[in-house]
Every structure is written in structure tokens, then in C-alpha cells.
Amino acid sequence: MLMKSGARKRRTLRPDTVLSPVSSPDEEYYLWALPVCCIRALKREVLRRPGERRRLELACGVCGRSWRITSSLDERVLSRFVTHAGPRAGGSHPAA
Ligand SMILES: [Zn+2]
């Protein structure tokens with residue numbers, strides 16, 4: 001009998017990432033509420049080798065949606081994407 005272990009969970013993203021659609025920035029969704037294709041697109045970005053510049057948006061090539069990361073506690077997400085802390089924080093943050 002085969003039992004599924006948690007061995008594959010290393011590639012799972014933390015669920016506390018919040019995104020909002022570029023087309024309607026007032027809406028916010030948790031990562032797990034996104035369409036599966038968009039979650040896959042995000043995973044692909046996050047699991048890619050580091051070195052590229054951080055992205056402003058996540059563009060899903062399957063459904064054509066674009067997302068901005070509103071907040072995340074996942075270091076891998078933060079290192080791949082610029083976070084947009086809502087409409088009021090549109091200015092640029094000083095480099096820390
Ligand atoms: Zn999608």
C-alpha cells in the first residue's frame with residue numbers, strides 16, 4: 001500500500017500570499033483563491049532560479065490575467081516580486 005507523505009511539500013507556496021488583479025486593484029485574493037493556472041504561473045516564477053530582477057506583476061499566460069502581489073510572508077515570493085501594498089502606497093519605497 002502506498003501512502004503519500006509530505007515529501008513534496010517543499011515546493012508548496014505559503015498560503016498567506018495576497019494578490020490583487022491589475023484590472024481591479026481594489027479586490028484582493030488569497031493565493032489559494034486564484035485560478036489554478038495563475039497559481040501555477042506564480043509557482044513557476046517563484047521556483048525559477050534567482051538572479052533576475054524582481055517583477056512588478058505576475059502575468060498568467062493561460063488565462064491572460066495579471067496580478068500584483070499585495071502582501072506575502074513567503075520569502076521566495078518577496079524575492080521574486082515587488083509588493084504593492086494597496087492603492088495608497090503607490091509611491092516608491094526608499095531602498096532599505
Ligand atoms: Zn491564469
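Up top you'll find the structure we're talking about.
Conventions we followed
Residues numbered from 1 in each chain as written. Predicted model: local features only at pLDDT ≥ 70, side-chain atom pairs only at ≥ 80, totals over all residues. Helix = DSSP H or I, 4+ residues; strand = E, 2+ residues; numbered from the N terminus. Buried ≥ 20, exposed ≤ 12 C-beta atoms within 10 Å, placed from the backbone. Contact = placed C-beta atoms within 7 Å. Pairing = 2+ DSSP bridges. Expected span 1.5 Å × (residues − 1). Arc of directions from axis to C-beta.

(A) The arrangement of the overall build of the protein chain in detail. Looking only at helices and strands, one finds 2 helices and 4 strands in the protein chain. In the protein chain, the succession of helices and strands from N to C terminus is β-β-α-β-β-α. Relative to its 96 residues, the protein chain shows a buried fraction of 17%. Relative to all contacts within the protein chain whose residues are 6 or more apart in sequence, the contacts with residues 24 or more apart total 53%.

(B) Representation of the pairing of strand S4 (residues 66-71) in the model. Bridge analysis of strand S1 (residues 18-21) against S4 gives 4 bridges, and the strand direction is antiparallel. Paired with Val 18 across the strands is Ser 71, a residue of S4. Inspection of the sheet shows strand S3 (residues 58-59) paired to S4 by 2 bridges, in the antiparallel sense. Looking across to S4, one finds that Ala 59 is bridged to Ser 66. Hairpin connection of S3 to S4: 6 residues between the antiparallel strands, including Gly 64 at a positive phi of 85°.

(C) Looking closely at the sheet that holds S1. Across the sheet, which stays open at both edges, the 4 strands sit in the order S2-S1-S4-S3 with antiparallel pairing between neighbours. Of all the strands in the sheet, the pair left with one neighbour each is strand S2 (29-30) and S3.

(D) Quick peek at helix H1 (residues 36-47). Under the 1.5 Å per step criterion, the end-to-end length of H1 is 16 Å for 12 residues, consistent within 8% with the ideal 16 Å. Those residues of H1 that sit buried are Cys 38, Ala 41, Leu 42 and Val 46. Buried positions in H1, seen along its axis, are confined to an arc of 130° and lie on one side of it. Those residues of H1 that are exposed and aimed more than 90 degrees away from the buried face are Val 36, Arg 44 and Leu 47. Among the structural elements, S3, S4 and helix H2 (75-80) are those in contact with the buried residues of H1.

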